[in-house]
Amino acid sequence: MASAAPTSAPAAESELGEVHVLETDRRSVEGSEFLVFEVTSRFTDGNPLRVPSGSHSQWRRFSDFELLWRYLQHCYPQAVIPPLPEKKVNFKISKMSVDKFDPEFVDKRRTALAVWLGRLLKHPILHDCKAFHAFLTLEDWKEELTVEVDGQRTYWTPSVVDDKVKAISASMKTKFFDKRFQTVRVYADSLQEKLTQLLNSHGKLARQTQELFLQFEFFESAFKSWMEVEKENAQFAGHLQKVAEYMDSLETRSNTRLRAEEEFADKLKEYIFFCEALREVARKQEIVQCEYEKALALRDNKGKELAELEKPAEKGLSGFFNRLKNLTPEERQAKVGAASAQLAALEEALTHAKDDVVNFADFALKDIERFHAEKVQDLKRLFLRFVAVQKRYCQQTIEAWTALKTYVQASSVH
């Protein structure tokens, strides 16, 4: 049975449309249990994305989200792909269950997935992806997971190992590194380090504050026990009861406070994961650069070969080129013609490879700039909300203690 929709459902809305993740459902296939998430979306007539208008609803497993994420990484290597939420909780403030079906964990994941879809919807390039549109609107969405190979559209299958090997190989073979992307990599490493330090420090403070607030439960118990002793003085006992109630309210508020602290930590974790997305763009740039350098080497080698073919036979190099002495002029000319054609093809391939390097850098650097602007706004809003939460709870605590003071001062013995 699907869970009830939360009172404050996460959603992403823009002039393009809106996306929600409201419901979850626990299902079983051949004895294997898993969760599915209801992805609902709505698009108006004539929307710029050309998505079918109206409301749509599709149930998706977390593995479907993963597949779409990996497809976007493959098709848009120059984009900062928003990271998926963690598959299991690696950092937590509260004593959350490790059970993947735990309601609190499920709700956190549902919220994070809604945020992820919202980032795709608002991304200036990713929101045009047909596979993304199909993910939102079609039951058989995987039919849109296609790529172009040799001018033909074919179904895409993920190959994470190949991509990693390719990235490592490019890093080892590339001779000329683009300093701009090296800077991106260094920045990502540094940002991750600083945000992780902040996350750890915040976690310690939040847990210590939570422990402090939980101690008010003992105050409540103590004042209630005292109240029983003072039954003969009804007014004083009543004031003690009020004090106990305020202590209980302080302890109860700690749970709400902790949820707000968790939301702050979750947003920090999202940007820690974004650091890996930045590094991924830098790795993909090295692959493109490596392909260009390979094309350059092939062109240069073929140019040297052609130059040797065009020399008089007695001035040729040893080995292979010495055998040219025995060629007739017609045979030599044929080889020169073939080498010239090959060189022309390699020149064209080199031009395409160079264009790929330039285009990749232009797009990637613009998207990284977009990411930085979005990051600043996101973290600014995050810290302002965090400050507001801390102020609110401090004010509530002051109000509680002020009320307690009033009751204590009003107490008298009759």
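Residues numbered from 1 in each chain as written. Predicted model: local features only at pLDDT ≥ 70, side-chain atom pairs only at ≥ 80, totals over all residues. Heavy atoms only, no water.

> How should I be thinking about unusual backbone geometry in this particular structure?
Among all residues save glycine, negative phi is the norm, and among peptide bonds the norm is trans. Although it is not a glycine, Glu30 adopts a positive phi angle of roughly 50°. Mapped onto the elements of the fold, Glu30 is located in the loop between strand E2 (17-29) and strand E3 (32-43). Phi at Arg50 is positive, roughly 60°, even though this residue is not glycine. Here Arg50 shows up in the loop between E3 and strand E4 (54-61). (Helix = DSSP H or I, 4+ residues; strand = E, 2+ residues; numbered from the N terminus.)

> I keep staring at the nonpolar core and nothing clicks. Help me out?
Nonpolar side chains tend to gather and get buried jointly when the protein is soluble and globular. If you look at the biggest cluster of nonpolar residues, it comprises 38 residues, and the most contacted ones within it are Phe65, Leu68 and Leu117. Of all elements in the fold, only E2, E3, helix H1 (62-75), helix H2 (103-122) and helix H3 (130-137) reach the threshold of two or more residues within this core. Take this core: its biggest share by element is seven residues, from H2. Excluding anything up to four places from it in sequence, Phe65 contacts Phe37, Val39, Arg60, Leu84, Leu113, Trp116, Leu117 and Phe135. (Core = buried A, V, L, I, M, F, W, Y, C linked by side-chain atoms within 4.5 Å. Buried < 20%, exposed > 50% of the residue type's maximum accessible area, 1.4 Å probe, protein only. Contact = heavy atoms within 4.5 Å.)

> Just checking my understanding: could you explain the packing of aromatic side chains for this structure?
With the rule as written, the count across this model stands at 11 aromatic pairs. Measuring from ring centre to ring centre gives 5.0 Å for Phe65 and Phe135, while their planes differ by 70°; the resulting arrangement is edge-to-face. Taken as a pair, Phe65 in helix H1 and Phe135 in helix H3 lie far apart in primary sequence, 70 residues in all. In terms of burial, Phe65 and Phe135 fall into one category: buried. Taking 5.1 Å as the distance between ring centres and 85° as the angle between the ring planes, the aromatic pair formed by Phe135 and Trp141 counts as edge-to-face. Each member of the pair, Phe135 as well as Trp141, is classed as buried. (Phe/Tyr/Trp six-rings, centres within 6.5 Å; stacked < 30°, edge-to-face > 60°.)

> Is there a simple way to think about the pairing of E3 in this case?
For a regular strand, side-chain orientation follows a simple rule: the groups alternate between the two sheet faces. When you tally the buried positions in E3, you get nine out of 12 residues, the bulk of the element. Sheet analysis places E2 next to E3, joined by 11 bridges and oriented antiparallel. Paired with Val19 across the bridge in E3 is Ser41. As consecutive antiparallel partners, E2 and E3 are separated by two residues, and within that stretch Glu30 has a phi angle of approximately 50°, a positive value. Looking at chain direction, E3 and E4 are connected through eight bridges and run antiparallel. From the neighbouring strand, Val39 faces E4, where its bridge partner is Gln58. (Pairing = 2+ DSSP bridges.)

> Help me understand the pattern of salt bridges in this model?
Any two side chains of opposite charge can pair if their charged atoms end up close together. A complete count under the given rule lists 27 salt bridges for this structure. The partner of Glu291 in a salt bridge is Lys294, and the shortest N-O contact between them spans 3.3 Å. Of this pair, Glu291 and Lys294 both sit in helix H7 (residues 234-310), three residues apart, roughly one helical turn. Accessibility expressed as a relative area gives 41% for Glu291, which makes it partly exposed. The class for Lys294 is partly exposed, based on a relative accessible area of 42%. Taken together, the shared-partner salt bridges in this structure form one network comprising Arg119, Lys267, Glu270, Asp367, Arg370, Glu374, Asp378 and Arg381. (Salt bridge = Lys/Arg side-chain N within 4 Å of Asp/Glu carboxyl O.)

> Please explain the side chain of Lys267 as it appears in this structure.
Its location among the elements puts Lys267 in helix H7. Dropping the residues within four chain positions of it, Lys267 is found in contact with Val115, Arg119 and Leu382.

> When you look at the packing of H2 against H3 in this model, what are you seeing that I'm missing?
Between two packed helices, both the angle of their axes relative to each other and the distance between the axes serve to describe the pair. At their nearest, the axes of H2 and H3 sit 11 Å apart, and the two run at 135° to each other. Classified by the angle between their axes, H2 and H3 sit oblique to one another. The crossing of H2 and H3 is left-handed. On H3, the residues touching Leu117, Leu120 and Leu121 of H2 are Phe132, Phe135 and Leu136. Each residue belonging to the contact of H2 with H3 can be placed in one class, and the counts come to six nonpolar, no polar and no charged. (Axes fitted to C-alpha atoms, helices over the stretch in contact; angles between N-to-C directions. Parallel < 35°, antiparallel > 145°, perpendicular 65-115°, else oblique. Left-handed = near helix turned anticlockwise from the far one by under 90°. Nonpolar A, V, L, I, M, F, W, Y, C, P; charged D, E, K, R; others polar.)

> What is the right way to look at H3 in this model?
What sets the pattern is the α-helix's 3.6 residues per turn: residues three or four places apart point alike. With seven of eight residues buried, H3 lies mostly within the body of the structure. Within the span of H3, buried status applies to Ala131, Phe132, His133, Ala134, Phe135, Leu136 and Thr137. In this structure, the buried residues of H3 make contact with E2, E3, E4, H1 and H2.

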